[in-house]
Amino acid sequence: MDLLRNIILRKGHVINEDILKVDSFLNHQVDYELMKEIGKEFFEYFKDKNITKVFTIESSGIAPAIMTASEFKVPMVFLKKQKPNTLNNNTYQTEVKSFTKQTTYNLTLSKEYINKNDNILIIDDFLANGEAAKGTIKLVEDAGASVAGIGIVIEKSFQPGRKYLEEKGYDVYSLARISSLKDNKIEFVN
Ligand code: 5GP
């Protein structure tokens, strides 16, 4: 997606060779026009997959996910990052390792917002090691529902997330694929 690549090149900040900061258009301030285009792009790719809901993780996935849900005209559900709560059996929960914070959190989904007939499109802002996607997939599958695909805004292709998800057979569609952040330079696949 050329529009996204250009914005990444103009506004992205390389923090180190593993992390890109995109606070000015995605992770803090949000460019709604870009989000609308992102929603359309995911719709074009996944439109034949009978998507019933769009899932993401709070908070940075919400902006692209809501615009995508709006194209599909289905609800968007964001999974919450919460402290483990063994007393609550109205939720599905799983532990996820945070890429940026080097900590773990409990990903939580209320049983009210998923059923076994759901066909879920997972959307997230970044794909790095695939931990967030793996946790989301687990909750969807624990509920007996299906993962129809995974849409990623920015994939860091030099980290193992895509390979892991593809090996498990999931359809991963990333709008921008970064091949390197070395020497303070952003390079894309192709
Ligand atoms: P993963 O779970 O695939 O290892 O990492 C994905 C999650 O970590 C994303 O939801 C995103 O919030 C965060 N993340 C991973 N890499 C980056 C990065 O380079 N920049 C920012 N801002 N967030 C990242």
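The text that follows walks through the structure, step by step, so that each part is easy to find.

Observations concerning the side chain of Lys-156
Logical step 1: Tracing the sequence through the fold places Lys-156 in strand S8 (residues 146-156).
Logical step 2: Although Lys-156 is buried, it makes no salt bridge; Asp-18 carries the closest opposite charge, 6.5 Å away.
Logical step 3: In this structure the side chain of Lys-156 is engaged in a polar contact, spanning 2.9 Å, whose partner is the backbone oxygen of Asp-18.
Logical step 4: Those residues in contact with Lys-156 that lie beyond four places of it in its chain are Asp-18, Ile-19, Phe-99, Phe-126, Leu-127, Ala-128, Ile-178 and Leu-181.

Side note on the sheet that holds strand S6 (residues 104-110)
Logical step 1: Read from one edge to the other, the open sheet built from eight strands follows the order S5-S6-S4-S3-S7-S8-S9-S10, with strand pairing classed as mixed. Either end of the sheet is taken by a strand with one partner, and the two such strands are strand S5 (91-97) and strand S10 (187-188).
Logical step 2: Here strand S4 (residues 76-82) runs beside S6; their pairing, made up of three bridges, is antiparallel. By the bridge assignment, Lys-80 is partnered in S6 with Thr-108.
Logical step 3: Contacting strand S3 (53-57), S4, strand S7 (119-127) and S8, helix H4 (residues 62-72) crosses the sheet at an angle of about 180° to S3.

Cut-offs applied
Residues numbered from 1 in each chain as written. Predicted model: local features only at pLDDT ≥ 70, side-chain atom pairs only at ≥ 80, totals over all residues. Heavy atoms only, no water. Helix = DSSP H or I, 4+ residues; strand = E, 2+ residues; numbered from the N terminus. Buried < 20%, exposed > 50% of the residue type's maximum accessible area, 1.4 Å probe, protein only. Lys, Arg positive; Asp, Glu negative; His and termini not counted. Salt bridge = Lys/Arg side-chain N within 4 Å of Asp/Glu carboxyl O. Polar contact = N/O pair within 3.5 Å; in protein donor to acceptor, adjacent residues only side chain to side chain. Contact = heavy atoms within 4.5 Å. Pairing = 2+ DSSP bridges. Axes fitted to C-alpha atoms, helices over the stretch in contact; angles between N-to-C directions.

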